[in-house]
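Secondary and tertiary structure notes
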Amino acid sequence: MKINKLTLHVISMPLKKPFVTHLQTVEKREAIIVEVQDTDGLTGLGEAVAFSTPWYTEETVKTCYHMIKDVLFPLVEKAPFSHPKEIGQRFKQVRGNPMAKASLEMALWDLYARQHNKPLWTILNGTRNKILAGAVVGAPSLNEMVMQASDLVDEGYERIKVKISPGADIELLKVIRSEFPHLSLLADANSAYTLEDTKHLNELDEFQLEMIEQPLGVKDLVEHSILQKEMKTPICLDESIVTPEDMKSAIYLNSCGVVNIKLGRVGGYTNALEIYRLCQENLKKVWCGGMIEFGVSRAHNLALASLEGFSIPGDISSSSKYWDEDIIDTPIVVNHGYVDRLEGPGIGVELNKKRMIEVTEFKEVIEI
Ligand code: OSB
Ligand code: MG
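Please read all numbers here as calculations on a predicted model, not as lab measurements. (Residues numbered from 1 in each chain as written. Chains lettered and ligands numbered in written order. Predicted model: local features only at pLDDT ≥ 70, side-chain atom pairs only at ≥ 80, totals over all residues. Heavy atoms only, no water.)

Observations concerning the overall build of the protein chain
Under the convention used in this document: Here a strand is any run of E in DSSP of at least two residues, a helix any run of H or I of at least four, and the numbering for each starts at the N terminus. Two things to know: the radius of gyration comes from C-alpha atoms, and the globule rule equals 2.2 Å times the number of residues to the power 0.38. Remark: exposure states derive from per-residue accessible area (1.4 Å probe, protein chains only) relative to the maximum for the residue type, with buried under 20%, exposed over 50%, and partly exposed in between. Per-residue accessibility takes into account occlusion by the displayed protein chains alone, with areas from the Shrake-Rupley method and a 1.4 Å probe. Only four residue types enter the charge count, namely Lys and Arg as positive and Asp and Glu as negative; His and the chain termini do not. Lys charges are placed at NZ, Arg charges at CZ, Asp charges at CG and Glu charges at CD.
Scanning the protein chain from N- to C-terminus turns up 13 helices and 13 strands. Relative to the 2.2 N^0.38 estimate, which gives 21 Å for 368 residues, the radius of gyration of the protein chain is 20 Å and therefore close to what a compact globule would have. Across its three principal directions, the C-alpha atoms of the protein chain cover 60 × 40 × 35 Å. Within the protein chain, the fraction of its 368 residues that count as buried is 61%. For the protein chain, the accessible area works out to roughly 14,900 Å², and carbon and sulfur atoms hold 50% of it. In the protein chain, 40 side chains carry a positive charge and 52 a negative one; their mean positions are 4 Å apart.

Digging into helix α6 (residues 170-179)
We apply this condition: As used here, the arc belongs to the directions running from the helix axis to the C-beta atoms. In this analysis, two residues are considered to be in contact whenever any of their non-hydrogen atoms come within 4.5 Å of each other.
Listing the buried residues of α6 in full gives I170, L172, L173, I176 and R177. In an axial view of α6, the angular spread of the buried residues amounts to 155°, which keeps them on one side of the axis. Buried residues belonging to α6 abut α5 (142-155), β6 (159-163), β7 (184-188) and α7 (198-202).

Let's talk about the pairing of strand β3 (residues 43-48)
Regular strands place their side chains on alternate faces of the sheet. Test applied: Strands qualify as paired when DSSP identifies two bridges or more between them.
The element β3 is largely enclosed, with a buried count of 5 among its 6 residues. One ladder, built from 6 bridges, connects strand β2 (residues 25-38) with β3; its direction is antiparallel. Looking across to β3, one finds that I33 is bridged to E47. In this structure, the hairpin formed by β2 and β3 is closed by a connection of 4 residues, where G41 is found at a positive phi of approximately 90°.

Considerations on the pattern of salt bridges
This is how it is decided: Salt-bridge detection follows one rule: a side-chain nitrogen of Lys or Arg within 4 Å of a carboxyl oxygen of Asp or Glu.
One pass over the full model with this rule turns up 19 salt bridges. Between K354 and E358 there is a salt bridge, with its nearest N and O atoms 3.6 Å apart. Within this pair, K354 and its partner E358 are both found in helix α13 (residues 353-359), separated by 4 residues, close to a single helical turn. By relative accessible area, E358 is classed as partly exposed at 44%. Salt bridges sharing common partners tie together R159, K161, K163, D188, E213 and D315.

Some words on the packing of helix α3 (residues 98-115) against helix α11 (residues 269-281)
Defined as follows: Helix axes use the C-alpha atoms of the stretch in contact, all axes being lines fitted to C-alpha atoms, and the angles between their N-to-C directions lie in the range 0 to 180 degrees. Roughly parallel covers angles under 35 degrees, roughly antiparallel covers those over 145, roughly perpendicular covers 65 to 115, and oblique covers all other angles. Only Asp, Glu, Lys and Arg are considered charged in this grouping, and only Ala, Val, Leu, Ile, Met, Phe, Trp, Tyr, Cys and Pro are considered nonpolar; every other residue, Gly among them, is considered polar.
In contact at an axis separation of 9 Å, α3 and α11 are set at 90° when each is read in the N-to-C sense. It follows from the interaxial angle that α3 and α11 lie roughly perpendicular. Touching E105, M106 and W109 of α3 are Y269, T270 and L273, all from α11. Classifying every residue of the contact of α3 with α11 gives 4 nonpolar, 1 polar and 1 charged.

Description of the sheet that holds strand β13 (residues 360-367)
Taken together, the 4 strands give an open sheet; going across it, the order is β3-β2-β1-β13, and neighbouring strands pair in antiparallel fashion. A strand with exactly one partner marks an edge of an open sheet, and here the two such strands are β3 and β13. Within the sheet, the average angular offset between the axes of one strand and its neighbour, ignoring direction, is 20°. In this sheet, β2 lies alongside strand β1 (residues 3-20) in antiparallel orientation, the contact comprising 13 bridges. When the sheet's bridge partners are listed, I3 is paired in β2 with D38. Where helix α12 (residues 295-304) meets the sheet, it contacts β2 and β3, and its direction lies at approximately 100° from that of β3.

Here we look at the side chain of S317
Tracing the backbone shows S317 in the loop between α12 and β12 (338-340). Assessed through its relative accessible area of 4%, S317 is described here as buried. If we ignore the near neighbours within four places in the chain, the residues touching S317 are G134, A135, Y157, R298, Y322, I332 and V334.

Points about the coordination of the magnesium ion (ligand 2)
Going by this rule: For Na, K and Ca the donor cutoff is 3.2 Å, while for all other metals N, O and S atoms must lie within 2.8 Å; water is not among the atoms, so some sites may look incomplete.
With distances of 2.0 to 2.3 Å, the protein atoms coordinating the magnesium ion (ligand 2) are D188 (OD), E213 (OE) and D238 (OD). All donors of the magnesium ion (ligand 2) belong to a single chain; written as a sequence motif, their spacing is D-x24-E-x24-D. You can see E213 sitting in strand β8 (residues 211-213) and its partner D238 sitting in the loop between β9 (235-237) and α9 (244-253), a full 25 residues away along the chain. Under the relative-accessibility criterion, E213 is labelled buried at 0%. Residue D238 is classed as buried on the basis of its relative accessible area, which comes to 0%.

A closer look at the packing of aromatic side chains
Worth spelling out the cut-off: Note on ring pairs: Phe, Tyr and Trp rings are taken, using the six-membered ring of Trp, and paired if centres are within 6.5 Å. Classes follow the plane angle, with under 30 degrees stacked, over 60 edge-to-face and the rest tilted. Whether a charge lies above a ring is judged from NZ of Lys or CZ of Arg, which has to be within 6 Å of the ring centre and within 35 degrees of the ring normal.
Applying the stated criterion to the full structure yields 8 aromatic pairs. Measuring from ring centre to ring centre gives 6.0 Å for Y65 and F362, while their planes differ by 55°; the resulting arrangement is tilted. Of this pair, Y65 sits in helix α1 (residues 61-77) while F362 sits in strand β13; the two residues are 297 residues apart in sequence, bridging distant segments of the chain. Aromatic rings pair up to connect F19, F294, Y322 and W323 into one cluster. Taking the ring centre of F51 as reference, the NZ or CZ of R29 above it sits at 3.9 Å.

Some remarks on α9
Buried within α9 we find P244, M247, A250 and I251. Angularly, the buried residues of α9 cover 115° about the axis, an arc narrow enough to put them on a single face. Where α9 is buried, its residues meet α8 (221-230), β9, β10 (258-261) and α11. Looking at the residues trailing α9, positive phi occurs at N254, about 55°.

Distances and angles like these do not, on their own, reveal function.
Written as structure tokens, this is what we have:
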């Protein structure tokens, strides 16, 4: 593969309604759509999923832009390669910055699949023809949380995740459970608790949650291990797992029963596949996380979640959950908890040029 053109599209779109977590309320989403082109004129697409401010991880849209343009792309174009995995390896010489790395690596995997005229899921050895999907609720009040959860169930979602934090947990779960006694339900705390809350967290065991996601701090692998011994509800790690080495530590310590794998958070497919393999070998369940993302990243998530081990529905919602109009030509649609896998070459979607013009804030083309 020889890459001779990179296009960075910085886009911005308002969410249909604000997405609320205890850390941040997201009302408008910025992202970078990364487009690479090879010497035959074929293109591949990726998406940098960092937010405008560093509330979820350290990266931002601006740090990603700098890293992609000034550090990572020079590593891609300096020498030819035959498989995008080699780029995943090349990127290991750069510390951190997983979302920037992932965006460019994703684009190269898409391009690689298109060069072979195959869907990306076949390149990844995916087997699922229906991808398991669920939706997430993050709203400003208990009433609004319950209303949105109820709307999503009416829309056909069969697995719902709710954001929780101290003071916005037990009451909420009580109400949701009484309305939907059999719903597959998850709670995501985004590190809102500490080990001092162990007694309180124990009270969540009665709600038959599929799992509790990231109750404790990002670096708290030891603390999660202690908490898991005290709680019946399985712990799922999100923010704590960035590298395969983090995963090895979590396995060794038994810090979780489940892992939410996000391409962006872990730095792309090379790491995601390695973390997936470690989970398979050590009986940790996995599912595909979400980042309030646009269609390019959604299509990549579908390719990843086509792997056999993604046996739990992911945070894979329809394009219409957050967007009036997505940036891809065929929006992603969840139907009764599933999305049909995409059959076109690469990620199986193209950019909607008209929509891209409407939402682009800044665009730069780098030609070699
Ligand atoms: O913690 O999983 C998370 C959104 C942004 C950042 C972090 C998280 C989330 C979500 C929403 O939970 C997932 C989605 O619907 O895209
Ligand atoms: Mg999470």
